[in-house]
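Residues per chain are reported as follows:
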Amino acid sequence: MRYISTRGQAPALSFEDVVLTGMASDGGLYVPESFPSLSADDLADMAGLSYAEIAFRVMKPFVGGEIDDDTFRGLVRDAYATFSHDAVVPLNQLDANHFLLELFHGPTLAFKDVALQLLGRILDHFLSKRGERAVIMGATSGDTGSAAIEGCRHCDNLDIFILHPHNRVSEVQRRQMTTVLADNVFNIAIEGNFDDAQAMVKASFADQSFLNGTRLVAVNSINWARIMAQVVYYVASAVAVGAPHREVSFCVPSANFGNVFAGYVAWRMGLPVKQFIIATNANDILHRTLADNDFSKRELLATLAPSMDIVVSSNFERLLFEAYERDGQAVNELLSRFQQEPAVLADAPLERLRDKFASHSVDDATILEVIREAHHRTQEILDPHTATGYRAAERERVDAATPMITLATAHPAKFAEAVVKAGFPGVPLPPHMDDLLEREERYSVLPAELDAVQSFVASHRRS
Ligand SMILES: *Cc1c(COP(=O)(O)O)cnc(C)c1O
């Protein structure tokens with residue numbers, strides 16, 4: 001399998017290179033040259049298989065033989081053995097035809113574990129095969145950092161440095177990162193805000209000379225392997241409710257669009273999907289684009305669903321590439337215009353999107369209302385991200401006879417603030433985390449200066 005850029009200019013790459021590379025050299029994102037297909041028989045054969053076995057079968061064509069089958073099966077099995085539920089991502093039936101797909105049983109209680117537990121292992125495998133080591137750098141406003149750290153803590157060939165703004169992340173979020181005491185994990189608290197941290201990471205990727213030739217790897221949501229790992233749970237959950245014999249719809253709480261794009265890939269591979277519903281919080285660029293053809297940036301709002309607080313949805317570019325029938329030049333022009341000023345999509349691509357995708361934006365007041373309403377009806381306490389999905393699914397579904405699967409992207413204990421605001425006493429952390437507030441922490445406080453951060457990284461990496 002080869003991978004090509006959404007801007008049409010960068011060279012095609014193998015799976016191994018695409019995983020190690022991140023963004024394409026022309027500023028685009030890598031996508032598979034063609035979508036592998038899952039036949040009705042392939043899907044029917046998956047009924048009753050373990051999540052890890054389904055994962056192996058769905059991802060194998062994307063890996064394209066670059067990892068031998070036994071090794072890849074092992075990586076997949078190990079990645080999903082870290083989940084606390086036997087079903088890995090269990091379906092929870094809310095009513096006759098509405099299901100929650102619980103993606104939050106991994107080490108950090110949010111869906112990013114599904115991809116990052118596997119990505120760390122794939123990176124480590126390729127690095128060890130090459131006899132190389134690599135450094136991972138990332139900035140976090142709270143949430144992704146911990147999933148990346150948990151995904152890399154056991155990787156011999158990776159050192160991970162995560163920057164967070166000092167005293168500006170919640171205690172639970174900080175402790176999920178700083179209590180991982182592995183030798184290859186470095187938490188840096190920056191005396192500045194998230195943008196300062198992000199800017200230093202970007203500058204480090206732009207000029208990597210401070211690492212004297214060691215590779216710097218990004219594990220952010222544009223890494224193709226993260227999308228690939230997320231395709232699996234669309235397939236597994238659809239099969240569980242009756243695919244290929246029955247169509248399914250999905251509702252996805254969305255921000256950078258990696259998650260719902262993975263669903264789109266599953267559909268292109270042959271999964272019978274009737275409808276995708278994109279749920280956003282008040283940061284609604286995806287909803288405005290689909291509903292009003294208003295593809296423009298707005299100021300960032302801090303909402304009760306903070307992991308969905310974004311200005312731009314980086315992975316939306318991958319869907320635009322498909323909507324523009326893989327015309328990299330058209331995508332390049334559209335996105336260059338969008339960087340400068342409000343943009344609009346051409347009619348035909350917009351219609352293609354509206355054929356399969358609906359959208360709905362949910363503000364903070366409604367999130368609280370939904371948490372109460374869903375509890376009243378189903379006894380479930382939803383986290384605020386999942387709450388946006390619950391509402392969007394109810395409002396936008398085209399067909400009550402088609403099973404609706406709403407993706408539950410985080411455990412409610414992780415976002416207790418919203419749950420308490422909605423009038424509940426809070427939700428306990430699951431047993432494997434209940435001593436989080438007593439565990440030993442380790443982190444370094446550094447000034448918001450590029451030199452200070454880079455010399456810390458250069459001197460603490462293990463190679
Ligand atoms: C990251 C995240 C999202 C958004 O997912 P995207 O792939 O960026 O669209 C939604 N909910 C939670 C809890 C998240 O952590």
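Residues numbered from 1 in each chain as written. Predicted model: local features only at pLDDT ≥ 70, side-chain atom pairs only at ≥ 80, totals over all residues. Heavy atoms only, no water.

Observations concerning the pairing of strand 4 (residues 91–95)
And step 1. Taken together, the 4 bridges between strand 4 and strand 5 (residues 98–102) define a ladder with antiparallel strand orientation. Pairing of Gln 93 across the sheet is with Phe 99, part of strand 5.
And step 2. Linking strand 4 back to strand 5 in an antiparallel pair, the connection comprises 2 residues. (Pairing = 2+ DSSP bridges. Helix = DSSP H or I, 4+ residues; strand = E, 2+ residues; numbered from the N terminus.)

Considerations on the UniProt feature "domain: Threonine synthase N-terminal" (unreviewed entry) in the protein
And step 1. According to UniProt, the "domain: Threonine synthase N-terminal" (unreviewed entry) feature falls on residues 2–80.
And step 2. The span residues 2–80 carries 49% helix and 11% strand; its end-to-end C-alpha distance comes to 26 Å. (UniProt positions renumbered as here; feature names shortened; annotations may be inferred.)

Some words on the pattern of salt bridges
And step 1. Applying the stated rule across the entire model yields 30 salt bridges.
And step 2. Put simply, Lys 274 and Glu 247 hold a salt bridge, and the shortest N to O gap is 3.7 Å. Of this pair, Lys 274 sits in strand 11 (residues 273–280) while Glu 247 sits in the loop between helix 9 (224–240) and strand 10 (248–253); the two residues are 27 residues apart in sequence, bridging distant segments of the chain.
And step 3. Overall, the relative accessible area of 36% leaves Glu 247 in the partly exposed class.
And step 4. Salt bridges sharing common partners tie together Glu 16, Asp 17, Lys 129, Arg 130, Glu 132 and Arg 215. (Salt bridge = Lys/Arg side-chain N within 4 Å of Asp/Glu carboxyl O. Buried < 20%, exposed > 50% of the residue type's maximum accessible area, 1.4 Å probe, protein only.)

So, the sheet that holds strand 8 (residues 185–191)
And step 1. Strand order in the open sheet made by the 5 strands is 9-6-7-8-14, with parallel pairing throughout. Only two strands of the sheet have a single partner each, and these edge strands are strand 9 (215–217) and strand 14 (444–447). Shown here is a sheet whose adjacent strand axes are inclined to one another by a mean of 30°, direction ignored.
And step 2. Bridge count between strand 7 (residues 158–165) and strand 8: 6 bridges; the pairing is parallel. From the neighbouring strand, Phe 161 faces strand 8, where its bridge partner is Phe 186.
And step 3. The strands that helix 6 (residues 144–152) touches are strand 6 (134–139), strand 7 and strand 8; relative to strand 7, the one it contacts most, it runs at about 165°.
And step 4. Running over the sheet, helix 18 (residues 450–460) touches strand 6, strand 7, strand 8 and strand 14 and is turned about 140° from strand 14. (Axes fitted to C-alpha atoms, helices over the stretch in contact; angles between N-to-C directions. Contact = heavy atoms within 4.5 Å.)

What to know about the sheet that holds strand 2 (residues 13–14)
And step 1. Read from one edge of the open sheet, 3 strands run 2-1-3, paired in antiparallel fashion. Among the strands making up the open sheet, the edge pair consists of strand 2 and strand 3 (30–32).
And step 2. In the sheet, strand 1 (residues 2–5) pairs with strand 2 via 2 bridges, with the strands oriented antiparallel. From the neighbouring strand, Arg 2 faces strand 2, where its bridge partner is Ser 14.

Observations concerning the site of the ligand
And step 1. Around the ligand, a shell composed of 15 residues is seen, among which Lys 112, Ala 255, Asn 256, Asn 259 and Thr 409 lie nearest.
And step 2. Ala 255 is positioned with one of its backbone polar atoms (N or O) 2.8 Å from an oxygen atom of the ligand.
And step 3. Among the residues making up the shell around the ligand, the classes are represented as 6 nonpolar, 7 polar and 2 charged. (Near = heavy atom within 4 Å. Polar contact = N/O pair within 3.5 Å; in protein donor to acceptor, adjacent residues only side chain to side chain. Nonpolar A, V, L, I, M, F, W, Y, C, P; charged D, E, K, R; others polar.)

Examining the packing of helix 5 (residues 112–130) against helix 9
For any two helices packed against each other, one specifies the inter-axial angle together with the distance between the axes.
And step 1. The interhelical angle for the contact between helix 5 and helix 9, taken along N-to-C directions, is 130°, at an axis separation of 8 Å. One element, helix 5, and the other, helix 9, form an angle in the oblique class. Handedness of the crossing formed by helix 5 with helix 9: right-handed. In this structure, helix 5 uses Lys 112, Val 114, Ala 115, Leu 116, Leu 118, Leu 119 and Ile 122 to contact helix 9, whose residues at the interface are Ala 225, Arg 226, Met 228, Ala 229, Gln 230 and Tyr 233. (Parallel < 35°, antiparallel > 145°, perpendicular 65-115°, else oblique. Left-handed = near helix turned anticlockwise from the far one by under 90°.)

Thoughts on unusual backbone geometry
And step 1. With omega at 5°, the peptide bond leading from Ala 243 into Pro 244 counts as cis.
And step 2. Topologically, Pro 244 is positioned in the loop between helix 9 and strand 10.
And step 3. Even without glycine at this site, Asn 167 takes up a positive phi of about 65°.
And step 4. By secondary structure assignment, the location of Asn 167 is in the loop between strand 7 and helix 7 (171–178).
And step 5. Not every positive phi belongs to a glycine, and Gln 379 is a case in point at roughly 70°.

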